[in-house]
Amino acid sequence: MNRQGAETEQDLRARVPDERRATLAALELAATLSHFDQRLDRMEGVDSILRETAAKAQGLVEMQSWAFFLVDPETGDFTCALTDGPEDRLRFEREVDALIEDRTFAWVLGRNRAVLVPSGIGAAGRLLLHPLATSSGLWGMFVAFTGEGAESTDLGFYLLTVVFFSCASMLESYSLYRQLQQVNEGLEQQVADRTRELVSINSSLEREVEERSLAEQQLRRTLNEKESYRQHLEAVFSSIQDAIITVDLNGVVLNINAAAEKMLGIPAAQAVRMHHTALQLPCARACQDVLGATLGSGTPVREFRAVSEDGAQVMILGGTPLISLDGTFSGAVLSCRDITRLVSLEQQLRQRHSFSNIIGRSKVMQSLFGLLENLAAYDTTVLVTGESGTGKELVAEALHYNGARSGGPLVKVNCTALSESLLESELFGHVRGAFTGAVRDRAGRFETAEGGTIFLDEIGDISMRIQVLLLRFLESKEFERVGDTTPRRADVRIVAATNADLHRRISEGTFRADLFYRLNVTSVHLPPLRERREDIPLLVQHFVEQCNTELGTRVAGVDEKAMAALVRAPWPGNVRELKHTLEHACVLCRDGYVEAGHLPAELAAVESPPVRFDAAVSGPVSAAAGGAVPQPVAGGFGRRQLDARSITAAIEQAGGNKARAARLLGVGRATLYRKLRELDMSI
């Protein structure tokens, strides 16, 4: 009977579809998660927690290799803590560095769930990322190579989130557990020492019961120890970096720590017995709401971000019920953490992709900057045209990182690097079995760019078939994976670029006119370098400083003859060619001034009037008569001259436009506004 029943169950399992068996396996794994975070005393350390987490995750998603990156609470840096193979550590570190650089890491942290992204260094396969975070903060990131077609069910991804949230909770609990364990060990030792001392005292008291002085001395010692313990607890309370304010059920302040004293600007003795609404809190309304909600409900209020009324501080607020020794609800505790510096660092990171990366003070470039500032604010399709090497990719980055989609990914596709069939799969993805080698479903670049921007470089070289598919997406925001018939949608902004004459290609019949009109909603044309020669000294300065930073050279500038040759050159490769030329010259020069002999032969032979250029200033210092060499840009300012005088002059030259004044000074707008506040300037 049992054998017949077993065979019947085996037959039933054989008829269960693969997908359902995967779901059943995931549910079986889920059944074990209830005990995942209940074994702190049996954990050998952080590695044990991470390895058990990885084992759980591998039961949900097929992985080639995996690694855990834990965040340093002091510096905010991510460090590889554990991998399944030491030989993969360097590869994972390179991947994470690339993902942090292009902000994919920050994007995944913001989503706080499992995300599949392409390799940051162009390696085969994809990466599975999942933050390790709890309500109290971020602990790290799980990174795994899943292969080209790795997928998981929705339930699998949900269980991944459960696993990694449990892992983060375990890390947090284990950290607290270790701290408590160390404190307990110290207290146990103190208790043991004290117990031995009390035993000795009791023995003495039994022998000398009539000696009241000994009893009084012992009582005094006990009171002193209690006072010492009280002072120790107060020291711990005061040393917490977050501002802590405790209130009773009526909202009257019971105590505040040192951080709260600094935040309020008053001593604890003055704050005690005041109602919390009378305190001058940076986020007064939000802080009062947190305390009111905690007192009203008797439950914790989750931490959230709040901004002070003057906008100068950004705080993380949270509320916790205050429980007395007898277990009754007796008040509330407000925690307030100042994260203004972290927010400032985030803003500085965003400024790295500002318009200041596109260098130029010529009239045509100033007009271009104004156009880019306007376009960044609107979610419209942009066509960037210009010769090779003029900086079309920089325009795409500026539009993305200065627009509303800056929090999403920026996905770049070189349309000439792939054949027609590969490009279709790369852009729109494919399903399993669509072609030879398609062993799993794979998302395309449009899906990867969801919520962000996709940059289609060399759009003029795509085939007619890809043009039709792209036109359909532009019209309906819909596409189909290769081998699939189910329409999909993607919310992305398209920025396209080409160095080809699309009007000529339309007349030749190699480019669709309707696609051109869809792409050319707004066009940005980048002028060749030969049409803005007055920008060459500024670009030379920038590239010399860049070489000094990246190559370790100590080049002071470019001498007269070399600068004149650079200004007169035709530059068929535009800014990219100029950059490579300066790198070549700096490597040969190493220190001092770049001379004509350090330039390529065809440039060094150019005859021109003398001109001198110094890397410490923003343009040529002097030029001989002849008119071919650009004179210094009127009102030019260097990055090191951010004093009140130079700022005032720049704003006057820009006609009061602070964005344009920031470009003249070579800094971002946020930096200019910060300097205005520091110098107390009300221009």
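Computed from a prediction, not measured in an experiment: that's the story for all the values here.

A. Local environment of the sheet that holds strand E10 (residues 329-338). The strand order across the open sheet formed by five strands is E7-E6-E10-E9-E8, and the pairing between neighbours is antiparallel. In the strand order of this sheet, the two ends are held by strand E7 (253-256) and strand E8 (301-307), each with one partner. Between one strand axis and the next, the sheet turns by 20 degrees as a mean value, whatever way the strands run. Here strand E6 (residues 243-248) runs beside E10; their pairing, made up of six bridges, is antiparallel. Bridging across to E10, Ile244 finds its partner in Ser335.

B. Broad picture of the packing of aromatic side chains. Going through the model one piece at a time under the given rule, you end up with 11 aromatic pairs. Their ring planes at 90 degrees and their centres at 5.0 Å tell us that Phe78 and Phe105 sit as a pair that is edge-to-face. Taken together, the residues Phe78 in strand E2 (residues 78-83) and Phe105 in helix H5 (residues 104-111) connect sequence positions 27 residues apart. When sorted by exposure, Phe78 lands in the same class as Phe105, which is buried. Ring geometry for Phe92 versus Phe145: centroids 5.0 Å apart, planes at 50 degrees, classification tilted. Here Phe145 lies in strand E5 (residues 137-147) and Phe92 lies in helix H4 (residues 89-101), a separation of 53 residues in the sequence. Chaining the aromatic ring pairs together yields one cluster made of Trp66, Phe68, Phe142 and Phe164. The cationic tip of Arg91 hangs over the ring face of Phe145; the distance from NZ or CZ to the ring centre is 3.6 Å.

C. The packing of helix H12 (residues 363-376) against helix H24 (residues 658-665), seen in detail. It is the contact of H12 with H24, at a shortest axis distance of 11 Å, that shows an interaxial angle of 130 degrees. Of the possible angle classes, the one that applies to H12 and H24 is oblique. Seen along the crossing, H12 lies across H24 with a hand that is right-handed. Touching Gln366, Phe369, Gly370 and Glu373 of H12 are Ala659, Arg660 and Arg663, all from H24. When the residues that make up the contact of H12 with H24 are grouped by side-chain class, the tally is two nonpolar, two polar and three charged.

D. Representation of the nonpolar core. By size, the foremost hydrophobic cluster in this structure holds 28 residues, and its most contacted members are Leu427, Phe446, Ile454, Leu456, Ile459, Leu470 and Ile494. Within the residue set of this core, elements represented by two or more residues are strand E12 (410-414), helix H14 (420-428), strand E15 (453-457), helix H16 (464-476), strand E18 (493-498) and helix H18 (513-519). Counting 27 residues, the second largest nonpolar core, distinct from the first, contains Val540, Val544, Ala569 and Ala585.

E. Fine view of the sheet that holds E12. If you trace the five strands from one edge of the open sheet to the other, you get E12-E15-E18-E11-E19, paired in parallel fashion. Each of the sheet's edge strands pairs with one partner strand only, and the pair in question is E12 and strand E19 (522-526). Sheet twist, expressed as the mean angle between neighbouring strand axes with direction ignored, is 20 degrees. With five bridges connecting them, strand E11 (residues 382-386) and E19 associate as parallel partners. Bridge pairing in E19 links Gly386 to Leu526. H12 rests against E11, E18 and E19 of the sheet, and its axis sits at about 150 degrees to E19.

F. Main features of the pattern of salt bridges. Throughout the structure, instances matching the rule amount to 25 salt bridges. With a closest N to O distance of 2.9 Å, Arg481 and Glu447 form a salt bridge. One end of the pair, Arg481, is in the loop between strand E16 (478-479) and strand E17 (488-489); the other, Glu447, is in helix H15 (residues 445-448), and 34 residues separate them in sequence. By relative accessible area, Arg481 is classed as buried at 8%. Residue classification places Glu447 among the partly exposed positions, given a relative accessible area of 22%.

G. Quick peek at the packing of helix H19 (residues 536-551) against helix H21 (residues 574-589). In the contact formed by H19 and H21, the axes pass within 9 Å of each other and the chain directions differ by 50 degrees. Classified by the interaxial angle, the pair formed by H19 and H21 is oblique. Helix-helix and strand crossings are classified by hand; for H19 and H21 the assignment is right-handed. Across from Leu539, Val540, Phe543, Val544, Gln546, Cys547 and Leu551 in H19, the residues of H21 making contact are Val575, Leu578, Lys579, Leu582, Glu583, Cys586 and Val587. Of the residues that constitute the contact of H19 with H21, the class distribution is 11 nonpolar, one polar and two charged.

H. Expanded view of the side chain of Lys392. Among the structural elements, Lys392 can be located in helix H13 (residues 392-401). As a buried residue without a salt bridge, Lys392 has its nearest oppositely charged side chain in Glu458, at a separation of 5.1 Å. Within the local environment of Lys392, its side chain forms a polar contact with the backbone oxygen of Gly386, the two atoms lying 3.3 Å apart. Other than its neighbours up to four places away in sequence, Lys392 contacts Val384, Thr385, Gly386, Glu387, Phe455, Asp457, Ala497, Thr498, Asn499 and Leu526.

I. View of the environment of Leu291. For Leu291, the location among the structural elements is in helix H10 (residues 284-297). Its relative accessible area of 2% is what places Leu291 among the buried residues. Here the alpha-carbon distance between Leu291 and Gly331, two residues 40 residues apart in the chain, equals 9.1 Å. Look past the residues within four positions of Leu291 in its chain and what remains in contact with it is Val247, His276, Ala332, Val333 and Leu334.

J. A look at unusual backbone geometry. Phi is positive for Asn574, close to 60 degrees, though the residue is something other than glycine. With respect to the helices and strands, Asn574 occurs in helix H21. When its relative accessible area of 0% is taken as the criterion, Asn574 is described as buried. Backbone geometry places Arg590, a non-glycine residue, at a positive phi of 70 degrees.

K. Structural detail: H24. Counting buried residues along H24, seven of its eight residues qualify, which places the element largely inside the surrounding structure. Taken together, the buried positions of H24 are Lys658, Ala659, Ala661, Ala662, Arg663, Leu664 and Leu665.

L. Layout of the pairing of E18. The element E18 is largely enclosed, with a buried count of six among its six residues. On E18, burial covers both faces: Arg493, Val495 and Ala497 on one face and Ile494, Ala496 and Thr498 on the other are all buried. Strand direction decides the pairing type here: E11 and E18, joined by four bridges, are parallel. Paired with Leu383 across the bridge in E18 is Ala496. Where E15 meets E18, four bridges bridge the pair, whose relative direction is parallel. Its bridge partner being in E18, Thr453 is matched across the sheet by Arg493.

M. Focus on the side chain of Asp457. Within the secondary structure, Asp457 is located in strand E15. Buried and unpaired, Asp457 has Lys392 as its nearest opposite-charge partner, separated by 5.5 Å. If near-sequence neighbours (up to four positions away) are discounted, Asp457 is found in contact with Lys392, Val413, Asn414, Cys415 and Ala497.

Each value, and the rule that gives it
Residues numbered from 1 in each chain as written. Predicted model: local features only at pLDDT ≥ 70, side-chain atom pairs only at ≥ 80, totals over all residues. Heavy atoms only, no water. Pairing = 2+ DSSP bridges. Helix = DSSP H or I, 4+ residues; strand = E, 2+ residues; numbered from the N terminus. Axes fitted to C-alpha atoms, helices over the stretch in contact; angles between N-to-C directions. Phe/Tyr/Trp six-rings, centres within 6.5 Å; stacked < 30°, edge-to-face > 60°. Buried < 20%, exposed > 50% of the residue type's maximum accessible area, 1.4 Å probe, protein only. Lys NZ or Arg CZ within 6 Å of the ring centre and 35° of its normal. Parallel < 35°, antiparallel > 145°, perpendicular 65-115°, else oblique. Left-handed = near helix turned anticlockwise from the far one by under 90°. Contact = heavy atoms within 4.5 Å. Nonpolar A, V, L, I, M, F, W, Y, C, P; charged D, E, K, R; others polar. Core = buried A, V, L, I, M, F, W, Y, C linked by side-chain atoms within 4.5 Å. Salt bridge = Lys/Arg side-chain N within 4 Å of Asp/Glu carboxyl O. Lys, Arg positive; Asp, Glu negative; His and termini not counted. Polar contact = N/O pair within 3.5 Å; in protein donor to acceptor, adjacent residues only side chain to side chain.

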